[in-house]
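Structure at a glance
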Amino acid sequence: MNSETNKTNQYSQIRAMLALTKASLTALFRNPSAVVFNILFPLIFIIVFGFISGGSFTIDLAIDSSSDKNNPVIESLSQIKTINIVKDKSDEEIKKELSKGRIDGLIKVTKNPSGNPEFVAELKTTSASPERGAILKMMMAQVIDKQNLAKNSGSSSFAELKEQIVEGRKFKTIDFILPGQLGFSLLSAGVFGTAFIFISLRQTLVIKRFFATPVKKINIIIGECLSRLTFSMMSSIIIIAIGALFFGFTLVNGFATFVNMLILSAIALVVFLGFGFVVSGIAKNESSVPAIANLITLPQFLLAGTFFPISNFPEWLQPVSKALPLTYLNQSLREISFEGATILDVLPDIAILLAWGVIVYAIAVKVFKWE
Amino acid sequence: MDLKKIIEVKDLVKKYGDFTAVNGISFDVKEGEIFGLLGPNGAGKTTTLEIMETLRDKTSGEVLIDGLAVDKDSNEIKSIIGVQLQAAGYYPNLYLVELLELFGGLYNVDIDTDEMLGMVDLKDKAKSKYKDLSGGQKQRFSICTTLINNPKIIFLDEPTTGLDPQARRNLWELVIKIRANGTTVMLTTHYMDEAEYLCDRVGIIDKGRIITIDSPDNLIDKLIKDGFTKKREQKLASLEDVFLNLTGHELRDE
């Protein structure tokens with residue numbers, strides 16, 4: 001009797017849990033759909049978007065606050081369809097966005113104190129967006145030439161063009177697409193992964209057989225989650241590495257950025273696993289999983305800024321986008337990868353993700369079924 | 001010699017709402033015995049077994065497994081029993097050897113997977129998946145997983161249902177071999193020939209109540225003494241004997 005009590009005291013729940021993690025991970029790697037959905041799919045999207053430059057061509061031009069705003073130069077420029085005049089931004093914001101290439105140029109037209117030429121037009125472009133900067137410069141030169149000709153007074157000209165290039169990083173399509181794909185890959189891994197496995201383990205009585213061993217119920221769940229987490233971290237590493245090595249994905253601070261992205265991915269996956277538990281509790285059988293799971297993933301796939309910035313959506317749709325957890329993952333992944341933010345800088349985004357986590361796990365505890 | 005009681009069930013009751021699945025049953029199983037619970041489908045066999053396996057709560061009564069109460073010491077009980085469930089599956093996409101390692105981890109024991117599989121004649125199936133096994137092989141593997149923690153008692157729920165005569169005989173021999181190693185075996189079945197061949201004692205259960213408990217021999221003798229005669233004269237061989245004589249005892253589908 002005594003030796004038995006000793007034996008049970010020595011029983012290690014951790015060992016049991018890790019055995020389960022190992023088994024689950026082995027099974028996961030042997031399951032082609034897990035590999036296809038978590039690694040191949042995002043990579044295909046990255047490759048497709050990596051090669052085609054997206055959408056219509058516009059040049060974002062800001063006007064300096066000290067500029068003469070009703071000047072004919074600015075008026076002519078704003079009539080050009082390709083040029084989008086950026087409004088309602090402070091000088092500080094403009095400066096920041098210029099260095100990131102989100103704004104392609106900044107223009108300032110002022111009266112020349114010496115009178116000849118009448119105005120001086122200063123154009124700031126950015127090395128973050130060199131092609132658009134060059135086009136902008138050409139357009140401005142044309143506009144000024146026209147004004148000069150129109151004035152037609154020989155020696156005195158209307159305006160003179162001065163140009164300055166601001167140093168900045170180039171924001172490439174891949175820098176937008178990759179974080180979005182990574183985010184979506186984590187969401188689908190979390191939701192589909194746990195939903196299917198727990199329903200299948202429940203229906204085939206695999207879980208019941210586990211209950212006949214001394215492992216605690218909670219450790220069955222933790223073991224499964226650990227395996228999903230390991231698998232997703234591996235796929236995240238592969239996606240980021242391939243993006244950085246072959247498609248010029250920007251990791252501003254190199255390895256540190258990479259590590260920050262992985263930490264954020266891990267936090268997000270744990271939240272998303274909760275959605276999977278809810279689905280496995282609600283779904284009657286395996287065949288009803290995809291419908292319910294898609295209900296959770298598809299709207300986020302479309303509305304959470306996976307493919308397009310949410311600012312592109314009509315205004316009435318934006319509050320919806322801003323309520324979705326994936327929005328905050330995508331947003332903070334981009335801030336980390338391109339703007340060099342750390343986990344601490346994106347805490348507000350993480351807080352919203354975690355708030356979703358609390359809600360989802362509260363529901364999961366209510367609806368989760370063991371048998 | 002009076003053997004130690006390793007399982008004690010007293011006035012066990014299990015209710016599901018208004019339905020009483022187990023209605024006050026009592027029996028003991030002695031150490032080293034093969035004890036069978038017999039009964040038609042829905043008699044309460046599986047429910048009784050699952051309460052003993054600590055997988056289901058009882059409504060009232062007392063169940064002691066090696067002196068441990070099922071409602072208090074379930075984890076201690078789990079580590080000294082082996083459980084084969086009716087129709088249970090195994091973790092998908094894993095090989096038998098990996099499944100055994102998983103259970104080794106779950107029971108916290110180091111096992112020699114080769115030896116374990118050898119014991120149930122599945123050594124050459126180490127790299128197969130459970131779903132690719134034949135019916136008999138599946139049951140043998142299930143029994144193999146019950147032996148991982150070197151248990152004092154194993155519980156087998158209808159272990160031969162759906163098997164062909166060769167596979168059944170083969171499984172019977174396996175059960176006898178396990179008992180020979182000192183393990184107590186508690187099983188359910190609705191095959192009377194199986195109970196007669198395997199069990200030292202049987203309890204016949206119907207509608208949640210135990211009707212009688214004794215050794216198969218005694219039960220038959222009692223019935224004959226009461227004046228029972230078969231409608232047809234019993235021959236020295238049965239149709240199953242004919243079948244096995246014609247098709248041999250070797251296992252099929254292996």
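Residues numbered from 1 in each chain as written. Chains lettered and ligands numbered in written order. Predicted model: local features only at pLDDT ≥ 70, side-chain atom pairs only at ≥ 80, totals over all residues. Heavy atoms only, no water.

Focus on the interface of chain B and chain A
This is how it is decided: Any two residues whose heavy atoms approach within 4.5 Å are treated as being in contact. The term buried area means the drop in 1.4 Å probe accessible area that two parts suffer when joined, counted for both and summed. We define a salt bridge as a contact between a side-chain nitrogen of Lys or Arg and a carboxyl oxygen of Asp or Glu at a distance within 4 Å. Counted as a polar contact is a pair of N or O atoms within 3.5 Å, where, for protein atoms, one must be capable of donating a hydrogen and the other of accepting one, and residues adjacent in sequence contribute only when both atoms are in side chains. Secondary structure elements follow DSSP: runs of H or I of four or more residues count as helices, runs of E of two or more count as strands, with numbering from the N terminus.
Taken together, the contacts link 36 residues of chain B with 35 residues of chain A. Carbon and sulfur atoms make up 58% of the area that chain B and chain A hide from each other, which totals about 3,000 Å². Ranking the residues of chain B by area buried against chain A places Tyr91(B), Leu106(B) and Asn108(B) at the top, with a combined share of 25%. Here chain B is connected to chain A by four salt bridges. Across the chain B-chain A interface, the total number found is 16 residue pairs in polar contact (both at pLDDT 80 or more). Residue assignment for the side of chain B that touches chain A shows that the elements contributing at least two residues are helix H2 (74-80), helix H3 (96-107) and helix H5 (135-146) of chain B.

A short note on the sheet that holds strand S1 (residues 5-16) of chain B
Residue and element names in this part refer to chain B. Here is the rule we go by: Whether two strands pair comes down to DSSP finding at least two bridges between them. Each axis is a line fitted through C-alpha atoms, taken for helices only over the stretch in contact, and angles between the N-to-C directions span 0 to 180 degrees.
Strand order in the open sheet formed by four strands is S2-S1-S4-S5, with antiparallel pairing between adjacent strands. Of all strands in the sheet, those with a lone pairing partner are strand S2 (19-30) and strand S5 (68-69), marking the two edges. Bridge count for S1 against strand S4 (residues 60-65) is five bridges, and the pairing is antiparallel. In the sheet register, Val-13 faces S4, and the bridge partner there is Ser-60. Against the sheet, helix H1 (residues 45-52) touches S1, S2 and S4, its axis set at about 120° to S1.

Some remarks on the sheet that holds strand S1 (residues 59-63) of chain A
Residue and element names in this part refer to chain A. With respect to topology, five strands assemble into an open sheet ordered S2-S1-S3-S4-S5, the strand pairing being mixed. Sheet topology places strand S2 (83-86) and strand S5 (159-166) at the edges, where each strand pairs with a single neighbour. On average, adjacent strands in this sheet sit at an angle of 25° to one another, irrespective of strand direction. Direction of pairing for strand S4 (residues 119-126) relative to S5: parallel, over a ladder of eight bridges. Across the sheet, the residue bridging to Leu-123 is Glu-163, located in S5. Running over the sheet, helix H4 (residues 72-79) touches S1, S2 and strand S3 (105-111) and is turned about 150° from S3.

Quick word on the side chain of Asp175(A)
Residue and element names in this part refer to chain A. Cut-off, in case you're wondering: Exposure is judged per residue with a 1.4 Å probe applied to protein chains only, and the accessible area is read against the type maximum: over 50% gives exposed, under 20% gives buried, and values in between give partly exposed.
When you line up the elements, Asp-175 lands in helix H7 (residues 173-203). You can call Asp-175 buried: its relative accessible area is 1%. At 2.7 Å, the side chain of Asp-175 and the backbone nitrogen of Thr-250 are in polar contact.

Considerations on the confidence of the model for chain A
To be explicit about the condition: Residue-level confidence of the predictor is what pLDDT reports, using numbers from 0 through 100.
Mean pLDDT for chain A: 84, with 92% of residues reaching 70 or above. Below pLDDT 50 for its whole length, residues 1-8 of chain A participates in five contacts with residues either more than four positions away or in separate chains.

Quick word on the pattern of salt bridges
Side chains carrying opposite charge are able to pair once their charged atoms draw close together. All names here are of chain B. Taken as a whole, this structure holds 22 salt bridges over all chains when the rule is applied. Put simply, Glu-50 and Arg-56 hold a salt bridge, and the shortest N to O gap is 2.6 Å. For Glu-50, a relative accessible area of 5% puts it in the buried group. Take Arg-56: its relative accessible area is 24%, and that puts it in the partly exposed class. Of the charged contacts in the structure, one is a salt bridge between Asp-200 and Arg-179, with a shortest N-O distance of 2.6 Å. On the criterion of sequence distance, the pair formed by Asp-200 in the loop between helix H7 (192-198) and strand S9 (201-206) and Arg-179 in helix H6 (residues 165-180) is long-range, its members being 21 residues apart. One continuous salt-bridge network, built from bridges that share partners, spans Arg-168, Arg-169, Asp-193, Glu-194 and Glu-240.

Section: the side chain of Thr327(A)
Residue and element names in this part refer to chain A. Within the fold, Thr-327 resides in helix H13 (residues 325-339). Here Ser-321 takes part through its backbone oxygen, which lies 2.5 Å from a polar atom of the side chain of Thr-327. The contact partners of Thr-327, leaving out residues within four places of it in the chain, are Leu-303, Ala-304, Ile-310 and Ser-321.

Points about the nonpolar core
We apply this condition: Working definition of a nonpolar core: buried Ala, Val, Leu, Ile, Met, Phe, Trp, Tyr and Cys residues. They are joined through side-chain atoms within 4.5 Å.
Membership of the largest hydrophobic core comes to 145 residues, with the highest contact counts inside it found for Phe272(A), Ile7(B), Met52(B), Ile65(B), Tyr91(B), Phe141(B) and Met186(B). If you tally residues by element for this core, the top one is H7(A), at 15 residues. Val73(A), Val109(A), Ala121(A) and Met139(A) belong to the second-largest nonpolar core, a separate cluster that totals 20 residues.

Description of the environment of Ile51(B)
Residue and element names in this part refer to chain B. Relative to the helices and strands, Ile-51 resides in helix H1. Among the residues examined, Ile-51 registers a relative accessible area of 0% and is labelled buried. Taking C-alpha positions, Ile-51 is 9.3 Å from Leu-12, a pair spaced 39 residues apart along the chain. In this structure, Ile-51 is in contact with Leu-12, Lys-14, Arg-56, Asp-57, Lys-58, Val-63 and Val-70, ignoring residues within four places of it in sequence.

Description of a nonpolar patch on the surface
Residue and element names in this part refer to chain A. What counts, and what does not: Grouping into patches uses exposed residues only, defined as over 30% relative accessible area, and leaves out salt-bridged ones; the cut-off is 9 Å for like charges and 5 Å for nonpolar side chains (Val, Leu, Ile, Met, Phe, Trp, Tyr). Methods summary: accessible areas were calculated by the Shrake-Rupley approach with a probe of 1.4 Å, and residue burial reflects only the protein chains presented.
On the surface, Val-36, Phe-37, Leu-40, Phe-41, Ile-44 and Val-48 cluster together into a nonpolar patch covering about 500 Å² of accessible area. Note that Phe-37 resides in helix H3 (residues 32-51). Look at Phe-37 and you get partly exposed, because its relative accessible area is 47%.

Some thoughts on unusual backbone geometry
All names here are of chain B. The residue Asn-108 is not glycine, and still its phi comes out positive at about 60°. Structurally, the position occupied by Asn-108 is in the loop between H3 and helix H4 (113-119). For Asn-108, a relative accessible area of 16% puts it in the buried group. Phi angles above zero are rare outside glycine, and Glu-158 is one such case at about 45°. Here Glu-158 shows up in the loop between strand S7 (153-157) and H6. Note on Glu-158: relative accessible area 8%, which makes it buried.

Let's talk about the pairing of strand S8 (residues 184-189) of chain B
Residue and element names in this part refer to chain B. Stated precisely, the cut-off is as follows: Clockwise travel from the first strand over the helix to the second, with the strands pointing away from the viewer, marks a crossover as right-handed.
Summarising burial for S8: six of the six residues are buried, a large majority. Side chains Thr-184, Met-186 and Thr-188 of S8 all project onto a buried face; the interleaved residues Val-185, Leu-187 and Thr-189 project onto the opposite face, where all are buried too. Taken together, the five bridges between strand S3 (residues 34-38) and S8 define a ladder with parallel strand orientation. The partner of Ile-34 across the bridge, within S8, is Val-185. With five bridges joining them, S7 and S8 adopt parallel strand pairing. Across the sheet, residue Phe-155 finds its bridge partner in S8, namely Met-186. In this view, the connection linking S7 to its parallel neighbour S8 by way of H6 has right-handed handedness.

A short note on the packing of H6(B) against helix H9 (residues 239-247) of chain B
Residue and element names in this part refer to chain B. So the rule is basically this: The scheme is simple: roughly parallel for angles under 35 degrees, roughly antiparallel for over 145, roughly perpendicular for 65 to 115, oblique for anything else. Ten residue types, Ala, Val, Leu, Ile, Met, Phe, Trp, Tyr, Cys and Pro, are classed as nonpolar, four, Asp, Glu, Lys and Arg, as charged, and the remainder, Gly among them, as polar.
Taken N-terminus to C-terminus, the directions of H6 and H9 make an angle of 95°; their axes are 10 Å apart at the nearest point. Judged by the inter-axis angle, H6 sits roughly perpendicular to H9. Residues Pro-165, Gln-166, Arg-168 and Arg-169 of H6 form the contact with H9, whose own contacting residues are Glu-240, Phe-243, Leu-244 and Thr-247. For the contact of H6 with H9, the per-class residue count stands at three nonpolar, two polar and three charged.

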